[in-house]
Structures are given as C-alpha cells and as structure tokens.
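Breakdown of the fold
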Amino acid sequence: MTHSQPGPGFRPRAALAMSPEAAAAVLDRESLDALAALCDLVLPVLDDLTTPTARAVLADVELLVTGWGCPPLDGSVLRAAPRLRAVVHTAGSVRAHITDACWERGIEVSSAASANAVPVAEYTLAMILLTGKQVLERARAYRTSRNRDDGLSTPGTVGNFRRTVGILSASLIGRRVIELLRPHDLDVLLHDPYATGADVAELGVTRVELDELFARSDTVSVHTPLLPATRGLVSRELIESMRPGAVLINTARGAVVDQDALADAAVAGRIRAVLDVTDPEVLPPQHPLWECANVLITPHLAGSQGNECRRLADLALAEIGRWASGAGFLHPVRRERAAIQA
C-alpha cells in the first residue's frame with residue numbers, strides 16, 4: 001500500500017509526461033527498470049494530458065517524470081491530478097511546463113539542468129580552444145593549398161596563451177565553462193548582474209560590466225537565458241565594439257543576440273562566430289550567415305544527445321530515490337529563481 005508521505009518504503013505512483021521520442025532517447029530499458037524499482041510506474045508515455053487515458057492516469061499519480069515535449073501542467077491538468085506532489089524533469093529548463101498553478105499547489109520540482117549543462121560546457125570549451133587556434137580556417141586553407149608551413153610565421157593573434165574569454169552569465173552552464181577553463185592559460189571575465197561577490201570569488205574570475213566584457217574579450221561566450229530583459233541583449237553596439245577577429249559563441253538562445261548585427265559584422269570579416277542556436281531555428285536558406293566562411297553553425301547539438309542522455313536519466317533516478325526516501329531533492333527548482341533561469 002502506498003504511504004501518505006515520502007519516507008522509508010514509500011513507492012510513489014508515477015507516470016511519464018513527455019514526447020515518445022524524448023522517452024526513447026532518455027530512458028533506455030535499464031533506466032526504465034531502475035525507475036520501476038523506485039515507483040509504481042504507469043504507462044503509456046503521456047504527451048497529451050487532455051485525453052481520457054491521460055486523465056485516468058493523472059487521477060492517481062503522485063509523481064510525474066517529465067521531459068522534452070511535456071505539455072504545460074496548468075490548473076486543468078492539476079485538477080485532474082489531485083494527488084500529484086512532485087515533478088522530476090529529465091531535461092534542463094522547466095519553464096515550458098511548470099506553471100504558476102504548480103507553485104501555488106506547492107508541488108516540488110527537480111530538474112536535470114546541471115546534467116544537461118555538462119555537454120554544453122564541453123562543446124563551449126572545445127570551440128573556445130579551436131577558434132583560439134583558428135583550427136577551422138587553417139584546416140580549410142591547408143585543404144586548398146596542400147602545403148604545410150613551419151608554424152614560425154603564425155601571427156601572434158593565433159593561439160590560446162593569455163587569450164581573454166568573456167562569459168556572459170554565471171548560469172549553470174556558464175559556471176561549468178568557467179570550471180573547465182581553469183587548467184588553461186586564459187584570462188576569464190564575467191558579466192552577470194545576479195552574481196554575488198562570493199560567487200565571483202569562488203569562480204575566480206574578474207567581474208566586468210557588459211560593455212567592458214565585449215570590448216576586452218577575444219572570445220565572448222553567451223550563456224544567459226532568454227527572458228524579456230535579455231532578448232536582443234547582445235546588441236549591435238556591443239557587437240561593433242568587439243576586437244577585430246574576436247569570436248562570439250552562442251549556445252544559449254538565438255534571440256539573445258541581434259542576429260542582423262552579427263551577420264553584418266561577420267560578413268564584413270570583422271568578427272568570427274560559433275552558433276549552436278539561431279533565430280529562427282533553422283535559418284532561412286538564403287540567410288547570409290550560411291555562406292559566411294568565418295561562422296560555424298551547428299544544429300543545436302551542444303546539449304545532451306546520444307549516450308549523454310543517460311546522464312539525464314541517472315540524475316533523475318537519483319532525485320526520485322532521494323525524494324521517495326524523504327531526503328528531498330538535491331537539484332530543486334525554486335519558484336523565486338525560476339523567472340531568471342533558462
């Protein structure tokens with residue numbers, strides 16, 4: 001029999017709320033077996049919470065395991081789920097499905113955002129180092145010429161020794177990038193209006209204002225969430241203030257950057273860019289950024305994909321085990337922070 005409160009022996013009745021594709025990508029057979037060992041898991045996977053089948057499942061669930069493609073958990077859904085008390089999200093942002101009604105009900109929420117931050121930060125580190133060495137441009141020239149120089153004539157602007165990297169936002173991903181940069185001989189700047197003095201000291205970076213970040217950095221890496229206040233935050237003025245040959249890396253959201261200004265600067269050859277996100281995704285076929293030799297566009301692949309999804313599942317399973325035992329979430333999402341998180 002299900003106990004009324006989390007604690008030893010508690011087995012919550014749980015359901016999966018996400019797209020079938022997300023469930024297949026994140027929850028392999030081993031993960032599903034581990035989940036079934038922790039919960040009374042009810043199938044099928046729910047990607048529409050308005051159907052009679054979904055409403056019958058929701059009537060008894062105490063825990064929802066959510067993922068990409070989960071519909072909003074609004075008042076109507078919560079009325080159909082009177083016993084629901086916790087949501088464990090197997091991806092990053094919960095903004096698309098956790099509504100005010102969830103917070104007002106007092107539902108506890110956990111997210112695998114810290115696990116999803118890992119591959120994004122790894123991608124960012126790789127791109128910082130590759131662009132510092134100008135690997136893409138030099139590989140392209142090598143393929144054309146088939147001649148290798150001795151490296152002694154390489155300009156002093158090439159390389160990663162004492163290069164200045166600017167991090168825009170000490171988000172989960174931004175913090176992870178800073179951690180990964182520590183072993184390298186790089187100077188790291190940070191702009192984040194929400195970072196405290198203790199945060200800056202712990203991260204070991206130099207705090208600067210936004211305009212200084214762009215003017216001083218050889219590489220600027222964008223990690224700020226897309227909020228009403230951050231739409232177009234990377235403005236034409238900031239882009240035009242970047243050093244000649246500087247690199248803009250965006251793994252956050254395309255709309256954080258003034259894309260027209262970025263295209264103008266990149267096409268003119270003033271700056272370089274690595275864009276894992278654009279606005280829109282996908283760019284129109286004739287957009288000038290497609291043909292810009294100093295811009296690398298990747299298809300939003302920095303986040304968890306392939307075997308990296310197992311990290312998401314493992315974190316979610318650990319959270320479910322903690323919550324069911326009465327220990328509480330290790331990675332909770334708080335209402336007061338949700339408005340400024342990705």
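Residues numbered from 1 in each chain as written. Predicted model: local features only at pLDDT ≥ 70, side-chain atom pairs only at ≥ 80, totals over all residues. Heavy atoms only, no water.

An unreviewed UniProt entry annotates the chain as Hydroxyacid dehydrogenase originating from Streptomyces chiangmaiensis. UniProt's Sequence similarities (unreviewed entry) comment on the chain is quoted here verbatim: "Belongs to the D-isomer specific 2-hydroxyacid dehydrogenase family." (UniProt positions renumbered as here; feature names shortened; annotations may be inferred.)

**Points about the overall build of the chain**
Counting its regular elements, the chain contains 14 helices and 12 strands. Along the first, second and third principal axes, the C-alpha atoms of the chain reach 75 × 45 × 35 Å. Here the chain, with 342 residues, has 48% of them falling under the buried criterion. Carbon and sulfur atoms form 53% of the exposed surface of the chain, whose accessible area is close to 16,300 Å². The positive charge centre, built from 34 side chains, and the negative charge centre, built from 40, are 3 Å apart in the chain. (Helix = DSSP H or I, 4+ residues; strand = E, 2+ residues; numbered from the N terminus. Buried < 20%, exposed > 50% of the residue type's maximum accessible area, 1.4 Å probe, protein only. Areas by Shrake-Rupley, 256 points an atom, 1.4 Å probe, with all protein chains shown as cover. Lys, Arg positive; Asp, Glu negative; His and termini not counted. Charge placed at Lys NZ, Arg CZ, Asp CG, Glu CD.)

**Quick look at the sheet that holds strand β12 (residues 295–297)**
Spatial strand order, β8-β7-β6-β9-β10-β11-β12: 7 strands in an open sheet with parallel pairing. A strand with exactly one partner marks an edge of an open sheet, and here the two such strands are β8 (206–207) and β12. With 3 bridges joining them, strand β11 (residues 272–275) and β12 adopt parallel strand pairing. Considered in β12, the bridge of L275 is made with I297. (Pairing = 2+ DSSP bridges.)

**Details of the sheet that holds strand β3 (residues 63–66)**
Here 5 strands make up an open sheet; going across it, the order is β2-β1-β3-β4-β5 and the pairing parallel. For this open sheet the edge positions go to β2 (40–46) and β5 (108–111), each flanked by a neighbour on one side alone. Strand-to-strand twist across the sheet, computed as the mean angle between neighbouring axes with direction ignored, equals 20 degrees. (Axes fitted to C-alpha atoms, helices over the stretch in contact; angles between N-to-C directions.)

**Remarks on helix α8 (residues 172–181)**
Taken together, the buried positions of α8 are occupied by G174, V177, I178 and L181. For α8, the arc enclosing every buried residue in end-on projection is 100 degrees, short of the 170-degree limit, so these residues lie on one face. (Arc of directions from axis to C-beta.)

**Concerning the packing of aromatic side chains**
A complete count under the given rule lists 2 aromatic pairs for this structure. Pairing W323 with F329 gives two aromatic rings, centres 6.5 Å apart and planes at 20 degrees, and the pair type is stacked. For W323, a relative accessible area of 2% gives the class buried. Grouped by ring-pair contacts, the aromatic residues F10, W323 and F329 constitute a single cluster. (Phe/Tyr/Trp six-rings, centres within 6.5 Å; stacked < 30°, edge-to-face > 60°.)

**Focus: the UniProt feature "domain: D-isomer specific 2-hydroxyacid dehydrogenase catalytic" (unreviewed entry) in the chain**
Mapped onto this structure's residue numbering, the UniProt feature "domain: D-isomer specific 2-hydroxyacid dehydrogenase catalytic" (unreviewed entry) falls at residues 47–327. Across residues 47–327, helical content stands at 37% and strand content at 15%; the span's end C-alpha atoms are separated by 29 Å.

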